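Architecture at a glance
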There are 4 protein chains.
Amino acid sequence: MSDERKPVFLVIGAGAGIGGHAAARFAREGYHAVLARRSDEEGLQRLVAQIEDAGGSASGTLLNASDDGTIEELVERVEANIGPITCALYNLGAQIGNRTLDNTPHGAFELGWRLGCFGLFRLAHVLMPKMVARGQGTLLVTSATAAVRGNTGQHSHAAAMGGRRMLCQTLNAEFAPQGVHVAHVVVDGSVDAPDTLGKLLGDKFEAYKASKGEDGVIDPAALAETYWSLAQQPRNCWTHEIDVRPWTDVPWWNDNPIVAIDRD
Amino acid sequence: MSDERKPVFLVIGAGAGIGGHAAARFAREGYHAVLARRSDEEGLQRLVAQIEDAGGSASGTLLNASDDGTIEELVERVEANIGPITCALYNLGAQIGNRTLDNTPHGAFELGWRLGCFGLFRLAHVLMPKMVARGQGTLLVTSATAAVRGNTGQHSHAAAMGGRRMLCQTLNAEFAPQGVHVAHVVVDGSVDAPDTLGKLLGDKFEAYKASKGEDGVIDPAALAETYWSLAQQPRNCWTHEIDVRPWTDVPWWNDNPIVAIDRD
Amino acid sequence: MSDERKPVFLVIGAGAGIGGHAAARFAREGYHAVLARRSDEEGLQRLVAQIEDAGGSASGTLLNASDDGTIEELVERVEANIGPITCALYNLGAQIGNRTLDNTPHGAFELGWRLGCFGLFRLAHVLMPKMVARGQGTLLVTSATAAVRGNTGQHSHAAAMGGRRMLCQTLNAEFAPQGVHVAHVVVDGSVDAPDTLGKLLGDKFEAYKASKGEDGVIDPAALAETYWSLAQQPRNCWTHEIDVRPWTDVPWWNDNPIVAIDRD
Amino acid sequence: MSDERKPVFLVIGAGAGIGGHAAARFAREGYHAVLARRSDEEGLQRLVAQIEDAGGSASGTLLNASDDGTIEELVERVEANIGPITCALYNLGAQIGNRTLDNTPHGAFELGWRLGCFGLFRLAHVLMPKMVARGQGTLLVTSATAAVRGNTGQHSHAAAMGGRRMLCQTLNAEFAPQGVHVAHVVVDGSVDAPDTLGKLLGDKFEAYKASKGEDGVIDPAALAETYWSLAQQPRNCWTHEIDVRPWTDVPWWNDNPIVAIDRD
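Thresholds applied
The numbers attached to residues start from 1 for each chain and follow its sequence in the written order. The order in which chains are written sets their letters, starting at A; the order in which ligands are written sets their numbers, starting at 1. Thresholds applied to this predicted model are a pLDDT of at least 70 for local features of residues and 80 or more for the giving and counting of side-chain atom pairs; totals over whole chains, interfaces and linings are not thresholded and use all residues. Only heavy atoms go into the side-chain values, all of them from the structure, while hydrogens and water stay out. To qualify as a helix, a DSSP run of H or I must reach at least 4 residues; to qualify as a strand, a run of E must reach at least 2; elements of each kind are numbered from the N terminus. Helix span, expected: 1.5 Å multiplied by one less than the number of residues in the helix. Relative accessibility thresholds used throughout: buried, under 20% of the residue-type maximum; exposed, over 50%; partly exposed, between the two (1.4 Å probe, protein chains only). Copies overlap after least-squares fitting; the atoms used are the C-alpha atoms of residues with pLDDT of at least 70 in both. Residue contacts follow a heavy-atom distance rule, with two residues in contact if any of their heavy atoms lie within 4.5 Å. Once two parts are joined, some of their accessible surface, as seen by a 1.4 Å probe, is lost; buried area is that loss totalled over both. Each reported salt bridge corresponds to a side-chain nitrogen of Lys or Arg within 4 Å of a carboxyl oxygen of Asp or Glu. Side-chain atoms alone can form a polar contact between residues adjacent in sequence; in general such a contact is a pair of N or O atoms within 3.5 Å, and within protein one must be able to donate a hydrogen while the other accepts it. When the centres of two rings from Phe, Tyr and Trp lie within 6.5 Å, Trp using its six-membered ring, the rings pair. Their planes under 30 degrees apart give stacked, over 60 give edge-to-face, and anything left gives tilted. Lysine NZ or arginine CZ positioned within 6 Å of the ring centre and within 35 degrees of the ring normal marks a charge as sitting over the ring. Handedness of a crossover: with both strands directed away from the viewer, a clockwise path from the first strand across the helix to the second marks it as right-handed. Here, a strand pair is defined by DSSP locating no fewer than two bridges between the strands. Three categories are distinguished: nonpolar for Ala, Val, Leu, Ile, Met, Phe, Trp, Tyr, Cys and Pro, charged for Asp, Glu, Lys and Arg, and polar for the others, with Gly belonging to the last. Only C-alpha atoms enter the line fits that serve as axes; for helices the fit covers just the stretch in contact. Angles between N-to-C directions range over 0 to 180 degrees. Working definition: roughly parallel below 35 degrees, roughly antiparallel above 145 degrees, roughly perpendicular at 65 to 115 degrees, and oblique for all remaining angles. Here is the rule for handedness: rotate from the far helix to the near one, and if that takes an anticlockwise turn smaller than a right angle the crossing is left-handed, while a clockwise turn gives right-handed.

An unreviewed UniProt entry lists chain A under the name SDR family NAD(P)-dependent oxidoreductase, with Altererythrobacter lutimaris as the source organism.

In structure tokens:
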């Protein structure tokens, strides 16, 4: 199931969307992929099996990332038993839908931070020293529109993602000169992710995708290709931030054209 | 009409909206206001008369700011005949409404730049050395949403305003340490400006304002108050960038809430 | 000590710097100022006495803002016993100096978030419904350079402040249309604040200020003036974000000029 | 020298750095590369010969992009004689080194705009309708740090690049929904470009590169790889903005760590 001589790709937040496709993409290039997710052992093993059926190497583990010590234990275990983590993807979301402030309990706000920001800090805390010691490594971070602007109902999500983005810049400032590449990916559009968006929308998922038109939803396999490209950049030419969205989506900085004559 | 002992406030782009109200606000505090605008001598003299009727000091001049030498001549003339320009407001707009690329001729794009960006450079070129020699001065720059994000139909306007904003940062980098305050004001909402928005919308202006609801359009007198506050900041606490919009307007970085579950 | 008929200005984080000066500024205009800080009862009472000596109205309370329920209890108590909070200033910092990731324990990161981000959420949670019910109110938020960019050693601070900024945008999106003004103030320079920067630098504080040159450190009284101006803006012309720094400070987006020929 | 059945890659600004390497990268994948540059016919033909020696297809032309009609004529000629331009790269720089405002003549400021902003508008004006008619196409735009922040001595460059960035966002807003991909690449570091940085630094070029350390300067071949990846993104997952810099370079939003305790 694993191979000590393969480089390891670790993904925290490995559903059937971005995480699973990124794992498959790296496995296709000879990485051993370690997939970690919170629940659904069956779904997890299906992803592992798909990678192995395609000739790749992978293993999976369930993990509650918001619990103390879980991410830390996983990283230590992978490094000890499988091999050095060459590239890690922090792919945990913290989206809980649009909720007014009144409908955002303190616990929801804190959980958003635990998954959206603190978990990345904890991953970096345990993994960065190992990458620095090896003089190389890549930390990919899936992020969201909420990292660059707050919006109605996004109290928990935006606060968590805003923290995530500033943390990525801080990690980059400390670790890029030590040979570790940190890339913050602003996913500014809906992803065809059955385990998250799919579960949230339930019966309406297919109708939602259809409403977006042809190629109107990000294919996680396409995004995985962008992740792969980022991880291949030589250190003379590293990207820290990149955005992606479908062609038909309005970017976060735009809204509909308005009469906007604003000065005399 | 003027008084050599008063400090001078110069506004380039002095219609009945922001420019005229800013002139009145500074005149109320003892400045001699010099109002410059492209056309409508009658409207110009009305603004001057309003200021004088209120006990202030003002004078006006028509000027085609996009013509070579006009801004330069005006600054030299004011400095020679009236007094040192303590504070200047560059208030020329470059909005031509939403036009597709095909409907944006080369000449419109160039004129947008001449008014939106090059004119400010020319004003700074002639005025900054004088302010530096005096060890103080303030340059207020009215700007627009288009300075921080492009949008459909804004080819000319956004390119001009994006240049304006970067120019303001460059001016600030060179001149703040020499005692000159440069402030870039992002006006992110419609202004109750009869000479620009009013003329553009014509008969529909009142209906447009009504559609925005109570206090839904920026009162140029309120904005003039913000300009006055900026000009009063002591040099230990200078603002370089500030945004303003009505309470009911959606900021430029927001659009309507959407289902935005974007990761797994 | 208080006066039910006065509007109330509440400041969370009321040291002798920004918080104390803002309280004094609002008290000078007829507000009853409520000053809350974590420690130093004597210093707190000195600030209250200074305001009262100047003819103003103020009261103070010690409060550990990171403890559950403290901010909530304070807001309820002030509203019940003193009067409606017309304007609140969230002024708690979360700066712990520059620390490498290894020297940033999990607890420090979490405390940064509790003070820098969660406390503001908690304040908004209890206060916003009251302001909305009254159809008006102002929430001023002191923020920092770390809210707009991460930097070496700022893991805890930048993650907290990045969350703070995105939370402010989210609060604005929900509450501006309900009549409540939220303003995020990016303090991009050192403040002459004896209780924070002063205590951190100790004996070196005066030398540090001297090294910054004349007017090289933000005078908290000047910043309080800017806060006062923000709170006076009518709702047709609200600022959401503003930056301030001394004239001699390099803005966060600049560094020293370099040879920067970057393309062919 | 050309092949009508190959897709065409057009690069405006084809020196031996980014432009030449991008041309070679696309030619390697089967594109016919058209290289346009202002001067040095010999250097131009050397680039063409290198591509052909590697088995690729290319042609070159000298062109003064700031002259009216030149870009327009080139696009029409290429489309008529060689084939549809599938991907274009606007790679003209406008950097003139750091110059104070006094040392930035009006003509330098205008030329910066003509090369940095207006030329891209002209290219889009002639090319976009063709790409829209074909329902697809890619416009890559090399950009610079000056597009996202002004800095000392960058009056001309920053104003031009700030306009370029806002223009790219405007082009994206209009043309992405019509199937044309516009990508704005912020090159935030020095490039190993003999025809631009090399000529500017002359004898000091090698010493400069050495001073940056191992992999301390962007290899244009590496950047060309990123360009190639951008051009391969399917329309469900398009990047509009991406940054790149060497691992040892400080990003534009950072400077050196400072004592930055800024609030009480």
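We now examine helix H3 (residues 70–81) of chain D. All names here are of chain D. A rise of 1.5 Å per residue sets the reference length of H3, with its 12 residues, at 16 Å; its end C-alpha atoms lie 16 Å apart and thus fit the reference within 8%. Buried within H3 we find Thr 70, Ile 71, Glu 72, Leu 74, Val 75, Val 78 and Glu 79. Following H3 by one or two positions, Gly 83 adopts a phi angle in the positive range, close to 155°.

Take the relation of the copies chain D and chain B next. When chain D is brought onto chain B, the operation consists of a screw motion whose angular component is 180° and whose axial shift is 0.0 Å, with 0.0 Å RMSD remaining. Such a combination of rotation and displacement between the chain copies is what one expects of a two-fold axis. Here 100% of the contact residues of chain D are again contact residues in chain B; the copies associate through an equivalent surface.

Once that is clear, we can look at the interface of chain B and chain C. The interface of chain B with chain C comprises 34 residues on the first partner and 34 residues on the second. Here chain B meets chain C over a buried area of about 2800 Å², counting both sides, of which 52% is carbon and sulfur. Ranking the residues of chain B by area buried against chain C places Arg 235, Asn 236 and Trp 247 of chain B at the top, with a combined share of 29%. The interface formed by chain B and chain C holds four salt bridges in total. At the boundary of chain B and chain C, one finds 19 residue pairs in polar contact (both at pLDDT 80 or more). Of all the elements in the fold, those that place two or more residues in the side of chain B that touches chain C are helix H5 (155–175), helix H8 (220–232) and strand E7 (241–244) of chain B.

Here the focus is the pattern of salt bridges. Counting across every chain of the model gives 80 salt bridges over all chains. Between Arg 37 of chain D and Asp 40 of chain D there is a salt bridge whose closest N-O contact spans 3.6 Å. Looking at Arg 37 of chain D, the relative accessible area reads 8%, which means it is buried. Connected through shared salt-bridge partners, Arg 37, Asp 40, Asp 195 and Lys 199 of chain A make up one network.

Moving on, we come to unusual backbone geometry. For Asp 215 of chain A, which is not glycine, the phi dihedral falls at a positive 60°. On the secondary structure map, Asp 215 of chain A appears in the loop between helix H7 (205–211) and helix H8 (220–232). A positive phi angle, near 75°, is found at Asp 40 of chain D, a position not held by glycine. Inspection of the secondary structure puts Asp 40 of chain D in the loop between strand E2 (32–37) and helix H2 (41–53).

A separate point is the packing of aromatic side chains. Inspection of the entire model under this criterion finds 44 aromatic pairs over all chains. Measuring from centroid to centroid gives 6.1 Å for Phe 118 of chain A and Phe 121 of chain A, while their planes differ by 15°, and the two rings are stacked. Here Phe 118 of chain A pairs with Phe 121 of chain A, and both are found in helix H4 (residues 106–134), just three residues apart, close to one helical turn. Of the residues examined, Phe 118 of chain A reaches a relative accessible area of 3% and is grouped as buried. When the ring centre of Trp 247 of chain D is taken as origin, the NZ or CZ atom of Arg 235 of chain A, which lies over that ring, is 4.0 Å away.

This part is about the pairing of strand E1 (residues 8–12) of chain D. All names here are of chain D. Most of E1 sits out of view: five of its five residues are buried. Every second residue of E1 is oriented toward a common face, with Val 8, Leu 10 and Ile 12 on one face and Phe 9 and Val 11 on the other, all of them buried. Handedness of the crossover joining E1 and E2 through helix H1 (residues 18–28): right-handed. The pairing of E1 with strand E4 (residues 85–90) spans five bridges and is classified as parallel. Bridge assignment links Ile 12 to a residue of E4, and that residue is Tyr 90.

Here we take up the interface of chain D and chain B. Of the residues lining the interface, 42 residues belong to chain D; the matching set on chain B comes to 42 residues. When the two sides are added together, the surface that chain D and chain B hide from each other amounts to roughly 3200 Å², 68% of it contributed by carbon and sulfur. In this structure, Glu 110 of chain D engages Arg 114 of chain B in a salt bridge whose closest nitrogen and oxygen atoms are separated by 3.4 Å. Those elements that provide at least two residues to the side of chain D that touches chain B are helix H4 (106–134) and helix H5 (155–175) of chain D. Its residues assigned to classes, the side of chain D that touches chain B comprises 20 nonpolar, 14 polar and eight charged.

Moving on, we come to the relation of the copies chain B and chain C. The two copies are related by a screw motion: chain B maps onto chain C through a turn of 180° and a shift of 0.0 Å along the axis, at an RMSD of 0.0 Å. Of the interface residues in chain B, 100% have counterparts in chain C that sit at the interface too, so the contact is made through matching surfaces.

One can find Glu 110 of chain A in helix H4. With a relative accessible area of 19%, Glu 110 of chain A lands in the buried category. When near neighbours in sequence (up to four residues on either side) are disregarded, Glu 110 of chain A contacts Glu 110, Trp 113 and Arg 114 of chain C.

Right, let's talk about the packing of helix H3 (residues 70–81) of chain B against helix H4 (residues 106–134) of chain B for a bit. Residues and elements named next belong to chain B. The N-to-C vectors of H3 and H4 enclose an angle of 25°; their axes lie 8 Å apart at closest approach. What the angle tells us is that H3 and H4 run roughly parallel. As for how H3 packs across H4, the hand of that crossing is right-handed. Packed against H3, whose contacting residues are Thr 70, Ile 71, Glu 72, Val 75, Glu 76 and Glu 79, the element H4 presents Gly 119, Arg 122, Leu 123, Val 126, Leu 127, Lys 130 and Arg 134 at the interface. When grouped by side-chain class, the residues that make up the contact of H3 with H4 number five nonpolar, two polar and six charged.

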